[in-house]
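Structure at a glance
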Amino acid sequence: MAGPVKYTPPPSPPSPTASFYDISDDDEDEYNTIAHARSGRGVKLLYSKSKVYVHPTPSAKDNIAGFIALIQQKPKPGPNHSTTTHSRNDASSFLLAWVPEASLGDAYSTYVKVDLADDDSPPRQRYLVPPLPTTTTHRDPIGLYSFAVPVSEIYSLLVRPPSLGWWFGSVVINTRSGDSFPALFFHDSECESTILQKKKRVRESFDPFDHDGSLFWGGDEVLRWLRTYVEVQRSSVDRNVYLINPSEEDQLSFGRGLNAGDGTLSKAQPEATAAGPNAAGQQRDASMDPFMKTLKETRWKVLEQLSKITTFTRRTANEIADNPRIPPQVRRLMKNPEVQTLQDEFDSARLYLARWAMSIAEQGEKDRNQRIWTAQDVLESENSSVGDFEILELETGNLAIQERRRIVTLAEWEGFFDPVSGRLHLTVEEVKERIFHGGLDPNDGARKEAWLFLLGVYPWESSHEERQAIMNSKRDEYIRLKAGWWERMVDGNSTSEEYENWKEQRNRIEKDVHRTDRTIPLFAGEDIPHPDPDSPFADTGTNVHLEQMKDMLLTYNEYNPDLGYVQGMSDLLAPLYAVMQDDAVAFWAFVGFMDRMERNFLRDQSGMRSQLLALDHLVQLMDPQLYVHLQSADSTNFFFFFRMLLVWYKREFEWGDVLRLWEALWTDYFSSSFHLFIALAILEKHRDVIMDHLKHFDEVLKYINELSNTMDLVPILTRAESLFHRFERSVQVIDKKDNFPAPSAHQRRPASSSPDSAGKGKSPQRPTVGSSSGVRPPSALQQAIDKDKPKVISPELRELLRKDVPWRRQQTS
Amino acid sequence: MASRKKVLLKVIILGDSGVGKTSLMNQYVNKKFSGSYKATIGADFLTKEVLVDDRLVTMQIWDTAGQERFQSLGVAFYRGADCCVLVYDVNNSKSFEALDSWRDEFLIQASPRDPESFPFVSTPSAWPVSEEQFAVLVVIGNKIDVEENKRMISSKRAMTFCQSKGNIPYFETSAKEALNVEQAFEVIARSALAQEEAEEFSGEFSDPINIHLDNERDGCAC
């Protein structure tokens, strides 16, 4: 059946360029004249691989076995032939095809022969098979029928290597017009050629893995075939995507990342570097494994794409599909009928899906932290209504962000000060900006210095000598304060009532210190016997740092007797002590911290109430949809943020992240209430899950509580910053509107609601209490008119714009 | 009328800080004890499905912060509680003395102001219940694993207290050694279920009264 052989084997390796394989005029003539037995025409079968299945249903018995093949046909003649780009033109003569075994008839043996041809390079022999109907769209979602896609029409291949023990490796063809063909599953254990190729590898290199440790599988072969003729470039955005003849635009948005090199492969590179999936790809497979078991295999590609944009509801899917910012590839995907079906199908499992998607997105965020953030990165990790906004933010200052996020080392910190006087020679704002965005180096002692400024122990304008004097007197005062309670209580110079109260406080402190951050090595040890044999911890022992913690807290109890010790304070002190490792210094840092945190611990809880109220107003303004949902879930007390606000996310983030977060918050760089924007950022990140799945207060509380230690800090900081800017702008817009009220409402106002306004001297503007710019409270009539949008900036909200700490305790020194 | 629908029983654990509220909850639900729980801030809950007399119920057990000032924000989860567990540490007399105020706190916060949760409280004659019975309470003395010479509150003293408060069921447990925890919570589940059913039952009869109350409230707004 084969055509006459008139072919010179190409020199190999290295693989020759695609053009080398262009059929010569001679060939072409010959090629044209060869008639296939049945069809009367033939196309060249370059490569094929058997036991490649379509899985139309989840049931294995419905699987359809077939061949994947690379076929060469005569290029379509046309006037554009000579003007089209060379590689495209080449590509259009190649077809990537899948044919069911059952439909092959006589050609079956040819496919098998080509499959088993022991040839790495392009085939020496030419095999002709009946032409397949060329397709560029995939109309039948079940994919029962064969298809042959011109390689020039292939946009990308989604290549998923087999994972250990669970699913088959697969390839999905995505066309330039936006269609996806059904996933082709490589049943490698049935495929004779793959088995042989594996054996050959073992024989030759004693290693079934390729150079980067991935197991060889059938899909590798398909990529190898394609690389022989066209450019195949692995996407750095999605390691499972291989772009075919990518345009420059595609390369920019999808292709080479900054860490390219491992991702870029072209036909010109030697075969040895032909990479399978890298380690990251493997990891992701492993992490998805248990989840994927619940899904139909044929659908994985869709889910994988969905997971990137973490969009499981139709509503958002449509939004995304219509959003012009979305790369066309993603937009097309979202409109794919298969995706739509999937969304319907898994409605019931949405909570699970959403949680999972969130975790994948977070993993993605972590991975991307190695690179510069791009708008697309953010987009992919976003699923909130504020996504668009953040893209804007990031687009304007893309490069600046990485620069700004550079960590502040001790050397840089010391450079902020005049070497002689030790006075700051930058502005305080500049220093705060650096600390807010970059954070302080956790390892070189920068924090030990800088935190004392941030916490108000040292004035920013102080000189080196002044600071030394301050520290000396602070040390003395600490000793004095500590001696105060010691003499009265331990030496017994107190009334019995005083003593009872003190003992109660001491016991409370004792209990809490022994359960505060004991996983941190500094606090872990139990190497010294407990000084008090009556302590409940007498049997377990203690260590010197725990004892220092107790003394500092008892001294604070002495320093601020009205407040005393309240649960949560030990959580605030521990990081300060761990950084300072000096009880007197840590104590004064703690006093500075407590000056701003005191309101959290008041007996009447008024400080916590007011912050929860401010958060309430903030969510109302920034995300009214979510607010309405929380209302319906009886959750607008925002109690589920109580823990986060009380100890500033100490229980929500890893130790290192807590330190980083606190120093950012201490700067008051944007607002002294920036911690509420952190809360908003967390809420926004999870808003879709909350709105779609959480209907009751207990569900919301549980979900939020369980976020503890699952969150990555930097993206939340970034998001909080964006939200702050948006808030600032919203306030400006509303203030502007309020300065130009609707005239009709204004005129009727005196008659209806303000009987004393006849007094001409009186301003119609009644300034709101605590408001700096005199927002006019809307009249009843106005309120009725804008019932839908009663947007007034409350004093609680206006306070969020302040950079000072208005509730700060007056220093008693 | 016993309905067979699945029941959610809300149980709230109160008591001084450090008496072992979190440990008891975790021992009962997860069968685990850890010496390194952090002080509870805010509130959290765990759920457990249990069979009570062939009836499958879900217990939602709420754990709260122990320091009294944090209770004022916690009204949100007192609401609708079917049972309240008061915990003290048998080695700490202060925590025992505090039981009274914890009990009062719960009764004030949970029931009279919340007629929806405890409708029979406002039903004048159909349910001649004494004040002591309308909210189901259980007292637990925890940490009985600690050596005897450290013990401050004797069983007798605790039982006398519970009897004087209207025969509150009393248990002594060790969350650490898993002593008696299961038994205590079995009674808690049973009590909570009885409470829940009493509400259902009285609810059928007190409907008109509730409407009346609603009207009164509306009346004020007019």
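Scroll up to find the structure this text is about.
This text gives an overview of the structure that appears in the document. Every value quoted in this text rests on a predicted model; they were computed, and no experiment measured them.

**Brief notes about the overall build of chain A**
The helix and strand inventory of chain A stands at 35 helices and 10 strands. Long-range pairs, those at least 24 residues apart, make up 69% of the contacts in chain A with a sequence separation of at least 6.

**Quick look at the overall build of chain B**
A tally of regular secondary structure across chain B gives seven helices and six strands. Taken from N to C terminus, the helices and strands of chain B fall in the order β-α-β-β-α-β-α-α-β-α-β-α-α.

**Quick look at the sheet that holds strand E3 (residues 55-64) of chain B**
All names here are of chain B. Taken together, the six strands give an open sheet; going across it, the order is E2-E3-E1-E4-E5-E6, and neighbouring strands pair in mixed fashion. Each having just a single partner strand, strand E2 (43-52) and strand E6 (170-172) make up the two edges of the open sheet. Ignoring strand direction, the axes of neighbouring strands in this sheet form an average angle of 25°. Here helix H1 (residues 21-30) sits on the sheet in contact with strand E1 (7-15), E2, E3, strand E4 (83-89) and strand E5 (136-142), set at roughly 155° to E3. Across the sheet, helix H5 (residues 155-164) touches E5 and E6, and the angle it forms with E6 is around 160°.

**A look at the packing of helix H19 (residues 464-490) of chain A against helix H24 (residues 583-597) of chain A**
Two packed helices can be described by the angle between their axes and the distance between those axes. All names here are of chain A. Close contact between H19 and H24 brings their axes to 9 Å; oriented N to C, the two are set at 90°. With respect to H24, the element H19 is oriented roughly perpendicular. Across from Lys474, Arg475 and Tyr478 in H19, the residues of H24 making contact are Ala584, Phe587 and Trp588. When its residues are assigned to classes, the contact of H19 with H24 shows four nonpolar, no polar and two charged.

**Concerning H19(A)**
Residues and elements named next belong to chain A. The first and last C-alpha atoms of H19 sit 38 Å apart over 27 residues, in line with the 39 Å expected at 1.5 Å per residue. Turning to H19, its buried residues are Lys474, Tyr478, Leu481 and Trp485. Against helix H20 (496-513), helix H22 (544-559) and H24 lie the buried residues of H19. Looking one or two places after H19, you find Gly492, whose phi comes out positive at around 80°.

**Let's talk about the pairing of E3(B)**
Residues and elements named next belong to chain B. Most of E3 is tucked away: seven of the 10 residues are buried. Two elements, E1 and E3, share seven bridges in a ladder whose sense is parallel. Among the inter-strand pairings, Leu8 is bridged to a residue of E3, identified as Thr58. One ladder, built from 10 bridges, connects E2 with E3; its direction is antiparallel. When the bridges of E3 are listed, Ala43 appears paired with Thr64. Counting the residues between successive antiparallel strands, the hairpin from E2 to E3 contains two residues, one of them, Asp53, with a positive phi of roughly 50°.

Rules used throughout
Residues numbered from 1 in each chain as written. Chains lettered and ligands numbered in written order. Predicted model: local features only at pLDDT ≥ 70, side-chain atom pairs only at ≥ 80, totals over all residues. Helix = DSSP H or I, 4+ residues; strand = E, 2+ residues; numbered from the N terminus. Contact = placed C-beta atoms within 7 Å. Pairing = 2+ DSSP bridges. Axes fitted to C-alpha atoms, helices over the stretch in contact; angles between N-to-C directions. Parallel < 35°, antiparallel > 145°, perpendicular 65-115°, else oblique. Nonpolar A, V, L, I, M, F, W, Y, C, P; charged D, E, K, R; others polar. Expected span 1.5 Å × (residues − 1). Buried ≥ 20, exposed ≤ 12 C-beta atoms within 10 Å, placed from the backbone.

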